[in-house]
Amino acid sequence: MMSLLKVSCVLTGYISTAINDGPGCLMLRCPDPSCAAAVGQDMINSLANEEDKEKYGRYLRRSYIEDNRKTKWCPAPGCEYAVEFVVGSGSYDVNCNCSYGFCWNCTEEAHRPVDCATVSKWILKNSAESENMNWILANSKPCPKCKRPIEKNQGCMHITCTPPCKFEFCWLCLGSWSEHGERTGGFYACNRYEAARQEGAYDESERRREMAKNSLERYTHYYERWAANQSSRQKALGDLQSLQNDKLEKLSDIQSQPESQLKFIIEAWLQIVECRRVLKWTYAYGYYLPEHEHAKRQFFEYLQGEAESGLERLHQCAEKELQIYLEAESPSKDFNDFRTKLAGLTSVTRNYFENLVRALETGLNDVGPSTSQSTGIKNTTSKSLGGKSKTGKNRASAAGSKSGSSSRGVDDSNIWTCDQCTYVNPRSAKACQACDHQHR
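Residues numbered from 1 in each chain as written. Predicted model: local features only at pLDDT ≥ 70, side-chain atom pairs only at ≥ 80, totals over all residues. Heavy atoms only, no water.

Per an unreviewed UniProt entry, the chain goes by the name RBR-type E3 ubiquitin transferase and belongs to Aegilops tauschii subsp. strangulata. Under the Catalytic activity (unreviewed entry) heading, UniProt states for the chain: "[E2 ubiquitin-conjugating enzyme]-S-ubiquitinyl-L-cysteine + [acceptor protein]-L-lysine = [E2 ubiquitin-conjugating enzyme]-L-cysteine + [acceptor protein]-N(6)-ubiquitinyl-L-lysine." (UniProt positions renumbered as here; feature names shortened; annotations may be inferred.)

## Section: the overall build of the chain
Secondary structure summary: the chain contains 11 helices and 10 strands in total. For the chain, the residues scored as buried account for 39% of the 440 residues in total. Of the contacts made within the chain by residues no fewer than 6 positions apart, 54% connect residues no fewer than 24 positions apart. Counting every atom, the chain has about 25,300 Å² of accessible surface; 50% of that belongs to carbon and sulfur. (Helix = DSSP H or I, 4+ residues; strand = E, 2+ residues; numbered from the N terminus. Buried < 20%, exposed > 50% of the residue type's maximum accessible area, 1.4 Å probe, protein only. Contact = heavy atoms within 4.5 Å. Areas by Shrake-Rupley, 256 points an atom, 1.4 Å probe, with all protein chains shown as cover.)

## Remarks on the pattern of salt bridges
Enumeration over the complete set of coordinates arrives at 14 salt bridges. Between Lys53 and Glu50 there is a salt bridge whose closest N-O contact spans 3.4 Å. On the criterion of helical spacing, the pair formed by Lys53 and Glu50 is a turn pair, its members being three residues apart in helix 3 (residues 50-67). Look at Lys53 and you get partly exposed, because its relative accessible area is 24%. By relative accessible area, which is 58% here, Glu50 ends up exposed. The residue Glu321 makes a salt bridge to Lys341 at a minimum N-O spacing of 2.9 Å. Of the two residues, Glu321 is situated in helix 9 (residues 294-326) and Lys341 in helix 10 (residues 335-361); the sequence distance between them amounts to 20 residues. By relative accessible area, Glu321 is classed as partly exposed at 24%. One network of salt bridges, in which partners are shared, links Lys235, Asp239, Glu319 and Lys320. (Salt bridge = Lys/Arg side-chain N within 4 Å of Asp/Glu carboxyl O.)

## Topic: the packing of aromatic side chains
Describing an aromatic ring pair means giving the distance of the ring centres and the angle of the ring planes. A full pass over the atoms with the stated rule returns 22 aromatic pairs. Arranged with centres 5.8 Å apart and planes meeting at 55°, the rings of Trp122 and Tyr219 form a pair that is tilted. Remark: Tyr219 occurs in helix 7 (residues 203-255) and Trp122 occurs in helix 4 (residues 116-127); sequence separation between them is 97 residues. Comparing Trp122 with Tyr219 shows no difference in burial state: the two are buried. An angle of 85° between the planes, with centres 6.4 Å apart, marks the rings of Trp122 and Tyr288 as edge-to-face. (Phe/Tyr/Trp six-rings, centres within 6.5 Å; stacked < 30°, edge-to-face > 60°.)

## Some thoughts on the environment of Phe299
Of note, Phe299 is situated in helix 9. A relative accessible area of 3% means that Phe299 is categorised as buried. Along the chain, Phe299 and Leu364 lie 65 residues apart, while their C-alpha atoms are 8.4 Å from each other.

## As for the nonpolar core
Counting residues in hydrophobic clusters, the biggest one holds 51 residues, and the most contacted among them are Ile265, Trp269, Leu342 and Phe353. Elements supplying a minimum of two residues to this core: helix 4, helix 7, helix 8 (263-288), helix 9 and helix 10. Beyond its immediate stretch of four places on either side in the chain, Phe353 contacts Cys275, Val278, Leu279, Ala307 and Leu311. Of all hydrophobic cores here, the second largest spans 12 residues; its members include Cys143, Phe169, Trp171 and Leu172. (Core = buried A, V, L, I, M, F, W, Y, C linked by side-chain atoms within 4.5 Å.)

## Observations regarding the packing of helix 8 against helix 9
Where helix 8 contacts helix 9, the axes come no closer than 10 Å and their chain directions differ by 155°. Here helix 9 runs roughly antiparallel to helix 8, going by the angle between their axes. Helix 9 is crossed by helix 8, and the crossing has left-handed handedness. Seen from helix 8, the contacting residues are Ile265, Ala268, Trp269, Gln271, Ile272, Cys275, Arg276, Leu279, Thr282, Tyr283, Tyr285 and Gly286; seen from helix 9, they are Arg297, Phe300, Gln304, Ala307, Glu308, Leu311, Glu312, Leu314, His315, Ala318, Glu319 and Leu322. Along the lines of polarity and charge, the residues of the contact of helix 8 with helix 9 split into 14 nonpolar, five polar and five charged. (Axes fitted to C-alpha atoms, helices over the stretch in contact; angles between N-to-C directions. Parallel < 35°, antiparallel > 145°, perpendicular 65-115°, else oblique. Left-handed = near helix turned anticlockwise from the far one by under 90°. Nonpolar A, V, L, I, M, F, W, Y, C, P; charged D, E, K, R; others polar.)

## Some remarks on a negative patch on the surface
Taken together, the side chains of Asp246, Glu249, Asp253 and Glu259 define an acidic patch exposed on the protein surface. Positionally, Asp253 belongs in helix 7. (Patch = residues over 30% accessible without salt bridge, like charges linked within 9 Å, V, L, I, M, F, W, Y side chains within 5 Å. Lys, Arg positive; Asp, Glu negative; His and termini not counted. Charge placed at Lys NZ, Arg CZ, Asp CG, Glu CD.)

## Examining helix 10
The terminal C-alpha atoms of helix 10 lie 39 Å apart, and with 27 residues this matches the ideal 39 Å at 1.5 Å per residue to within 8%. After helix 10 finishes, the residue Gly363 shows a positive phi value of roughly 75°. (Expected span 1.5 Å × (residues − 1).)

## Things to note about the confidence of the model for the chain
Averaged over all residues, the pLDDT of the chain equals 76, while 74% of them reach at least 70. Ranking the elements of the chain by mean pLDDT puts helix 11 (residues 394-403) last, at 33, and helix 8 first, at 93. (pLDDT = per-residue confidence, 0-100.)

## Quick look at helix 9
The end-to-end C-alpha distance of helix 9 is 47 Å, a good match for the 48 Å that 33 residues give at a rise of 1.5 Å each. When the local axis directions of helix 9 are compared, the greatest deviation, roughly 30°, occurs at Cys317. Judged by how many residues are buried, helix 9 sits mostly within the fold: 24 of 33 residues are covered. (Bend = angle between axes of the 7 residues up to and from the residue.)

## Examining the side chain of Asn355
Within the secondary structure, Asn355 is located in helix 10. Overall, Asn355 belongs to the buried group, its relative accessible area being 11%.

## Regarding the packing of helix 4 against helix 8
Where helix 4 contacts helix 8, the two axes come as close as 10 Å, and the packing angle between them is 90°. Viewed along their axes, helix 4 and helix 8 adopt a mutual orientation that is roughly perpendicular. Contacts between helix 4 and helix 8 involve Thr118, Val119, Lys121, Trp122 and Lys125 from the first element and Trp281, Ala284, Tyr287 and Tyr288 from the second. Taken together, the residues of the contact of helix 4 with helix 8 break down into six nonpolar, one polar and two charged.

Next comes the structure, spelled out in structure tokens:
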């Protein structure tokens, strides 16, 4: 009996040491060199203490997840859930129980309609030192004496380098300030520079600086809008959580409606969150869209503009108009009209964004090469890409003006707009593809 007890104590200590050493305990074998028997989970459960059993269980689950090609850990900070990928779902976007959505392929946050390679480039660009160098090149000049980059922070052209250099020079021509005065144009101009530029003396350096400035301005344009939509998405997530925690119950009491009848509001906010994510990534898509593909760029800007308009209408209805009913003191007679409007906007916006994602994922294949006579957009460019702004067909002109292309980029003769929900349908459709309203 003592012999068995000693063996049990030895095995308990052996198992405890192995478990505390890490995941290698999953391959544990009998401590006797002549015995190749594996120490399995049954023996662990019999001999290990509760703390060691819990650790062993974590190692076992982690091993299963990491060895299974159809499961991955959720990359959200602090999340301990694993996600199983359903083959044939048509998309790499998956959602965890913690509500975080990510791409199964690259484990970055969900990023349709852009591919993983574009996301990788965009994230690298946002964190790379290259943009700092672009800013330095575009907004500073090297001191003629010590060569350190100097930023001009006042209006006049008289620049003094920082200590210990303290060299004084002209911002325009980089010549010594001792050679300047009223005869060279004073503090706010330099005729030496103008004369030298006309002779071509500064062409190369100015060209490089101008290119850097244009590159930086273009990147800033897309990044600011990408970040703004990310910020709006985070705000929408906060509003959704607030709505679920207390506002929905309050609205239910005021309007005398069961909470089950108010799910359309939650659906609207979930759609807003998703559309902000999609819209955010369209700016990364636009940044890497080749500059020479003018027709594609014009059509992309039109679709993006329509998406923004539709989303803003939905967001305003879910945020501003909902507030009216939250502040009411008694049930509102027109609450059912609000329900119909918000549910309709949610449906239309969902359809538009789903079709927008498909169009961008296929590379805007409906757009042909631009020519001198037209933008080359085929008759099918508007198929199923619904949604119309308050400004109507003038929206196409506004979008086209960004790239300086003709405002004839979208052929209105091949589409019709639903009178009921404003969805833009192809002319061949007899009924609205969003709400089934018959075309007159």
